[in-house]
Amino acid sequence: MGGPTLGQPGLISDGNTSVLFPQDAAKRVEIPNSTSTNIVGSALTIGAWIFVTGGSGTDRQIICKASGTGASSRKFGLYIAGGVYIPTQKDKLGFEVRTSGGHVDYVGGTELNVNAVNFVVGVYNGNDLRIYVNGVLVGTPQVLTGTVVSNTGTMMIGLFSDGTSSPFYGRI
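Residues numbered from 1 in each chain as written. Predicted model: local features only at pLDDT ≥ 70, side-chain atom pairs only at ≥ 80, totals over all residues. Heavy atoms only, no water.

## Topic: the sheet that holds strand E7 (residues 93–99)
Put simply, the rule reads: Strands pair, by our definition, only if DSSP identifies at least two bridges between them. Numbered from the N terminus, helices here are DSSP runs of H or I no shorter than four residues, and strands are runs of E no shorter than two. Only the contacting stretch of a helix is used when fitting its axis, a line to C-alpha atoms as for every element, and angles between N-to-C directions run 0 to 180 degrees.
Read from one edge of the open sheet, six strands run E3-E12-E5-E6-E7-E8, paired in antiparallel fashion. Looking at which strands have only one partner, the edges of the open sheet turn out to be strand E3 (29–31) and strand E8 (102–108). Strand after strand, the sheet turns through a mean of 10° between neighbouring axes, direction not considered.

Next up, the structure:
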């Protein structure tokens, strides 16, 4: 699968390890669809410790689950926006979720710190989407209701679910 470098010194001081994603779109972690990754219900929280080393101005996927590239085929994703279409979103955290009530793709807050550890979290609570960076709510919660939809796509870490776009540069 063109896997990343495993067993690298971790971002956490207790000796845990991180996954290194060099500037190479072939590097990712693929998690096949299963009942444990096909998360449904009225709540979803995704979080990660990240260390961004590059890719400014490009979308960089932290984790996602989708069965295709169109918005209707996406289930959820946590990523760093490139600002290609909306320049004010450059290098900010994005979170998207598809529910029975619709699809919201939200980018908010301030630019993430490069070459530094960031703890990023996307939360869907049944009423809205929220984004947190280093424990602080960033931006304005975005209204979204309904149940998270079922999706049989592959879950990817470090790359978009199509297996070729939005590579992450750094450590997750």
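## Some thoughts on unusual backbone geometry
As a reminder of what qualifies: Buried residues are those whose accessible area, probed at 1.4 Å on protein chains only, stays under 20% of the maximum for their type, while exposed residues exceed 50% and partly exposed ones sit between those limits.
The backbone of aspartate 91 shows a phi angle near 65°, a positive value even though the residue is not glycine. Relative to the elements of secondary structure, aspartate 91 occurs in the loop between strand E6 (74–80) and E7. Under the relative-accessibility criterion, aspartate 91 is labelled buried at 9%.

## Description of the nonpolar core
Keep this limit in mind: Nine residue types can take part in a nonpolar core, namely buried Ala, Val, Leu, Ile, Met, Phe, Trp, Tyr and Cys, and a core is a set of them joined through side-chain atoms within 4.5 Å. Contacts were defined at the residue level, with two residues in contact if any of their heavy atoms lie within 4.5 Å.
Ranked by internal contacts, the top residues of the largest apolar core, which has 27 residues, are Ile50, Ile62, Val97 and Val120. When contributions to this core are tallied by element, the ones reaching two or more residues are strand E4 (44–52), strand E5 (60–66), E6, E7, E8, strand E9 (117–124) and strand E10 (128–133). In terms of residues, this core owes the most to one element, E4, which gives five residues. With residues up to four places along the chain from it excluded, the contact list for valine 97 reads Leu44, Lys75, Phe76, Gly102, His103, Val104, Tyr124, Leu129, Leu144 and Val148.

## Some details on the pattern of salt bridges
Note the following rule: Here, a salt bridge means any Lys or Arg side-chain nitrogen found within 4 Å of an Asp or Glu carboxyl oxygen.
Inspection of every chain in the model, using the stated rule, returns three salt bridges. With a closest N to O distance of 2.4 Å, arginine 60 and aspartate 91 form a salt bridge. Here aspartate 91 lies in the loop between E6 and E7 and arginine 60 lies in strand E5, a separation of 31 residues in the sequence. Residues arginine 74 and glutamate 96 are paired through a salt bridge, measuring 3.6 Å at the closest nitrogen-oxygen approach. Of the two residues, arginine 74 is situated in strand E6 and glutamate 96 in strand E7; the sequence distance between them amounts to 22 residues. Since its relative accessible area comes to 3%, glutamate 96 is described here as buried.

## Some thoughts on the side chain of arginine 60
Basically, it comes down to this: In protein, a polar contact requires one atom able to donate a hydrogen and another able to accept it; more generally it is a pair of N or O atoms within 3.5 Å, and residues adjacent in sequence count only if both atoms are side-chain atoms.
By relative accessible area, arginine 60 is classed as buried at 2%. A polar contact is formed between the side chain of arginine 60 and the backbone oxygen of glycine 54, at a distance of 3.2 Å. Filtering out sequence-adjacent residues up to four positions away, arginine 60 remains in contact with Val52, Gly54, Gly55, Tyr79, Ile80, Ala81, Asp91, Ser166, Pro167, Phe168 and Tyr169.

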